[in-house]
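Geometric and topological summary
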Amino acid sequence: MLKFYLKGLFRDRARSLLPVIVVTIGVTLVVLANSWVTGVLEDMVVFNARFATGHVKIMSQAYYENRGQQPNDLALVGTSSFMDSLESQYPEMEWVERIQFGGLVDAPDENGETRAQGPGGGMAVDLLSEDSGEIERLNLEKAMVRGRIPQSPFEIILSEQFADKLEVEPGDQVTLISSTMYGAMSITNFTVSGTITFGTAALDRGGMVADISGIRQALDMTDATGEILGYFPSGEYDDPEAASFAAAFNEKYSNPQDEFSPVMATLREQSNMAGFLDLIDYFKGIIVTIFVVAMSIVLWNSGLLGALRRYGEMGLRMAIGEEKGHIYRSLIIEAVFIGLAGSVIGTLFGLFFSSLMARGIDISGMMQNSTMMMQGVMKAKITPLAYYIGFFPGLIATVLGTALAGFGIYKRQTAKLFKELQA
Amino acid sequence: MKNGTIITIENLAKHYPMGGGKFTALSDINLTFSKGEFTGIVGPSGSGKTTMLNIIGSLDTPSEGATNVLGTTSREMTPKVAATLRKKHIGFIFQTYNLMSVYTVYENVEFPLLLLKKSVSERKKAVMDAIQWVGLTDKIKSKPPQLSGGESQRVAIARAMVKRPELVLADEPTANLDAKNSHHILRTMEQLNRELQTTFIFATHDDKVIQYLRRIITLEDGTVASDEIAKQ
Ligand SMILES: Nc1ncnc2c1ncn2[C@@H]1O[C@H](COP(=O)(O)OP(=O)(O)O)[C@@H](O)[C@H]1O
Ligand SMILES: [Mg+2]
């Protein structure tokens, strides 16, 4: 009997091919959308971890609370011994110190008078140690436009645009006018060692990168640092792992009464990543829901059209003695097969296109993205979710659409169905 | 029921709702049918022939009165009971053939046996026999769109006969056929009626059919105007 139904299904193109194509397209799109969103998200997480948040970050409590203002007056102090103890306590982790700084950058003429001036913001990282991973982490080599990476404490990299604006070249002097950790005015000369493209408009307007030892001297931050970023050995951000790690650390080191005691925040907790990560999950849910609803409606309608065409067949089958419920079940069985076929093909297509997007279509090769610090590549990422995020909704939508369409037939009076036999 | 009686109809009436009131398609019908009959319900269009055939065939139910078809009364006729009755004991033949176009001749004829869960070998033999009765052995692999009207109706006869039902109900079976094909299918049915003792009840107003009938029940405006043995 099942064989009989399936034979009919495969021979009737309008009944099989069209719904399979519809399901295939839908499932492909869902799988692709998921891989793409996942890939973008992954990139953003990696990007955030590298440039801003680490997997975890240690700050003073007060600094953490005011982190929007780069409050170096609230920096952690005694950090060289603190770093030593971190490294011995958590040897598997990689710890790096960073200072966010801001100020006025002044380009003097040959007489020392201001020729051009502009506000800038920068990141001080360890550029000079042999074993520093920061140059690679920040993609500095590739992002250089002109000149070279600083080789001494008082060299600085400016964004290409900023350098243009100030009309300075690599080798020229600039003056950073800022304030020290203790609130005094700080005026320090740096040599521009090179220029860079950051890849985001805000940073390209006035971004800088300098070695942390020079900035420490400039801002009077000896043995102090704004932030200590920690990276897990796997290189991947795992939120539950980070959360429990941070909880254990805070339990041990953090004292709510002391605003200068250190506190550890995970990547998720910092900035707006937490809301963003939730939003992504939420969007995935919405995408899948919209998909199921839209597909069900499309399939419901095509099922209704198909059913109209098949009223004669239904009436006949009932006249021959098939029960209504049996016919209804046979329609559902047909739907399961259509749904399976469409979902399998759609998932395969989706995975195929995702995998192309995951490696092949790396537009950065063609564009100048690769030379930016923050690569704007939109890469797809295939996770285990991709194997079923389209598959089950595809199957469900097909069965649901058919169930709704079939319900119409089922509700239709038997006598009316038989009327079709006399038409 | 009298010995040999397979259908009794008592005080049958059928109303259809119409506008605010009701339309009476059949009334005061009292009839019995015996095994092996070759009977026609005859009358002009709209006289209630199809309605009567559908009630006998359990595709429809009486509004008043009672029927007993092959031992099943109209009172106990739930959709499930009706489906079982049709599946096991009744074959239908329609004016428009109603073959399933995606299936071959063989598969169309096989379908009733699949519903009856017959084994492969039983099915094969019964299907080949039925197709042979109607003379279409060379067309078993054809699909309905490739058949002529006469051939299609012969497939429908084979499908109705394949399970060797006790009762075959044929509603205007020749309405779409020319004279040659009409005679062909009637001779086929007449022969099956004799050989297998299958009871045939026709609804028709076609003289070509009427000349084969052994009993003619005439309906006029939903009532029996006459019921007579044909003089052949
Ligand atoms: N489902 C229905 N609803 C309303 N009227 C019907 C219905 N079926 C049949 N009729 C009416 O009942 C009468 C008898 O119909 P029918 O049995 O089909 O006649 P026949 O087969 O003799 O041409 C007709 O007037 C027809 O319009
Ligand atoms: Mg009729």
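A brief look at the structure comes next. The structure presented is a predicted model; accordingly, all values stated were derived computationally and were not measured.

Conventions we followed
Residues numbered from 1 in each chain as written. Chains lettered and ligands numbered in written order. Predicted model: local features only at pLDDT ≥ 70, side-chain atom pairs only at ≥ 80, totals over all residues. Heavy atoms only, no water. Helix = DSSP H or I, 4+ residues; strand = E, 2+ residues; numbered from the N terminus. Rg over C-alpha atoms; globule rule 2.2 N^0.38 Å. Buried < 20%, exposed > 50% of the residue type's maximum accessible area, 1.4 Å probe, protein only. Areas by Shrake-Rupley, 256 points an atom, 1.4 Å probe, with all protein chains shown as cover. Lys, Arg positive; Asp, Glu negative; His and termini not counted. Charge placed at Lys NZ, Arg CZ, Asp CG, Glu CD. Contact = heavy atoms within 4.5 Å. Buried area = accessible area lost by both parts, 1.4 Å probe. Salt bridge = Lys/Arg side-chain N within 4 Å of Asp/Glu carboxyl O. Polar contact = N/O pair within 3.5 Å; in protein donor to acceptor, adjacent residues only side chain to side chain. Near = heavy atom within 4 Å. Nonpolar A, V, L, I, M, F, W, Y, C, P; charged D, E, K, R; others polar. Patch = residues over 30% accessible without salt bridge, like charges linked within 9 Å, V, L, I, M, F, W, Y side chains within 5 Å. Pairing = 2+ DSSP bridges. Expected span 1.5 Å × (residues − 1).

Scanning chain A from N- to C-terminus turns up 15 helices and twelve strands. Relative to the globule expectation of 22 Å for 423 residues, the C-alpha radius of gyration of chain A, 31 Å, shows a markedly less compact shape. Structurally, chain A occupies a C-alpha span of about 105 × 50 × 30 Å along its principal axes. Expressed as a percentage of the 423 residues in chain A, the buried residues total 49%. Total accessible area computed for chain A in this model is approximately 19,600 Å², and 60% of it derives from carbon and sulfur atoms. For chain A, the distance from the average site of its 32 positive side-chain charges to the average site of its 47 negative ones is 25 Å.

Often, the extent of an interface is quoted as the loss of accessible area on bringing the components together. Counting residues at the interface gives 25 residues for chain B and 22 residues for chain A. Buried surface at the junction of chain B and chain A, both sides included, amounts to about 2,300 Å², of which 63% is carbon and sulfur. Among the residues of chain B in contact with chain A, B:Val102, B:Tyr103 and B:Phe111 are the three that bury the most area, contributing 23% of the side total. Among the ionic pairs, A:Glu323 bridges to B:Lys80, the shortest N-O distance being 3.4 Å. Summed over the shared surface of chain B and chain A, the result is eight residue pairs in polar contact (both at pLDDT 80 or more). Going through the elements one at a time, helix H1 (49-56), helix H2 (79-89) and helix H3 (105-115) of chain B are the ones with two or more residues in the side of chain B that touches chain A.

Surrounding ligand 1, one finds A:Lys419, B:Tyr16, B:Phe23, B:Ala25, B:Pro44, B:Ser45, B:Gly46, B:Ser47, B:Gly48, B:Lys49, B:Thr50 and B:Thr51. Positioned at a junction of chains, ligand 1 has nearby residues supplied by chains A and B. B:Tyr16 is positioned such that a nitrogen or oxygen atom in its side chain is 3.5 Å from a nitrogen atom of ligand 1. Measuring from an oxygen atom of ligand 1, one finds a backbone N or O atom of B:Ser47 at 3.2 Å. When isolated, ligand 1 has an accessible area of 560 Å², and the protein chains bury 70% of it. Listing elements by their share of the shell around ligand 1, those giving two or more residues are strand E2 (21-34) and H1 of chain B. Looking at the shell around ligand 1 element by element, the count peaks at three residues for H1(B). Of the residues that constitute the shell around ligand 1, the class distribution is four nonpolar, six polar and two charged.

Moving on to a negative patch on the surface. All names here are of chain A. Together, Asp84, Glu87, Glu130 and Asp131 give the surface a local cluster of negative charge. Examined against the element boundaries, Asp84 turns out to sit in helix H4 (residues 79-89). Given the relative accessible area of 51%, Asp84 is considered exposed.

We now examine the pairing of strand E4 (residues 64-69) of chain B. Residue and element names in this part refer to chain B. The pairing of strand E1 (residues 5-18) with E4 spans five bridges and is classified as antiparallel. Its bridge partner being in E4, Ile9 is matched across the sheet by Thr67. As defined by bridge partners, E4 adjoins strand E5 (residues 72-73) across two bridges and the pair is classed as antiparallel. In the sheet register, Asn68 faces E5, and the bridge partner there is Thr73. Connecting E4 to the antiparallel partner E5 that follows it, the hairpin turn spans two residues, and Leu70 within it adopts a positive phi of roughly 50 degrees.

To continue, consider helix H4 (residues 120-133) of chain B. Because the α-helix completes a turn every 3.6 residues, residues three or four places apart line up on one side. Taking 1.5 Å as the rise per residue, H4(B) with 14 residues should run 20 Å; its terminal C-alpha atoms sit 20 Å apart, in good agreement. Backbone geometry just downstream of H4(B) places B:Gly135 in the positive-phi region, at approximately 70 degrees.

All names here are of chain A. The tally for this structure, following the rule as stated, stands at 29 salt bridges over all chains. Where Arg216 meets Glu97, a salt bridge forms, and the shortest distance between an N and an O atom there is 2.6 Å. Taken together, the residues span a long stretch of sequence, with Arg216 in helix H9 (residues 212-218) and Glu97 in strand E3 (residues 94-108) at a distance of 119 residues. Considered together, Arg216 and Glu97 belong to a single accessibility category, that of buried residues. The shortest N-O distance in the salt bridge between Glu134 and Arg137 comes to 2.5 Å. With Glu134 and Arg137 both in helix H5 (residues 134-137), this residue pair falls three residues apart, about one helical turn. Summarising the burial analysis for this pair, Glu134 and Arg137 share the class buried.

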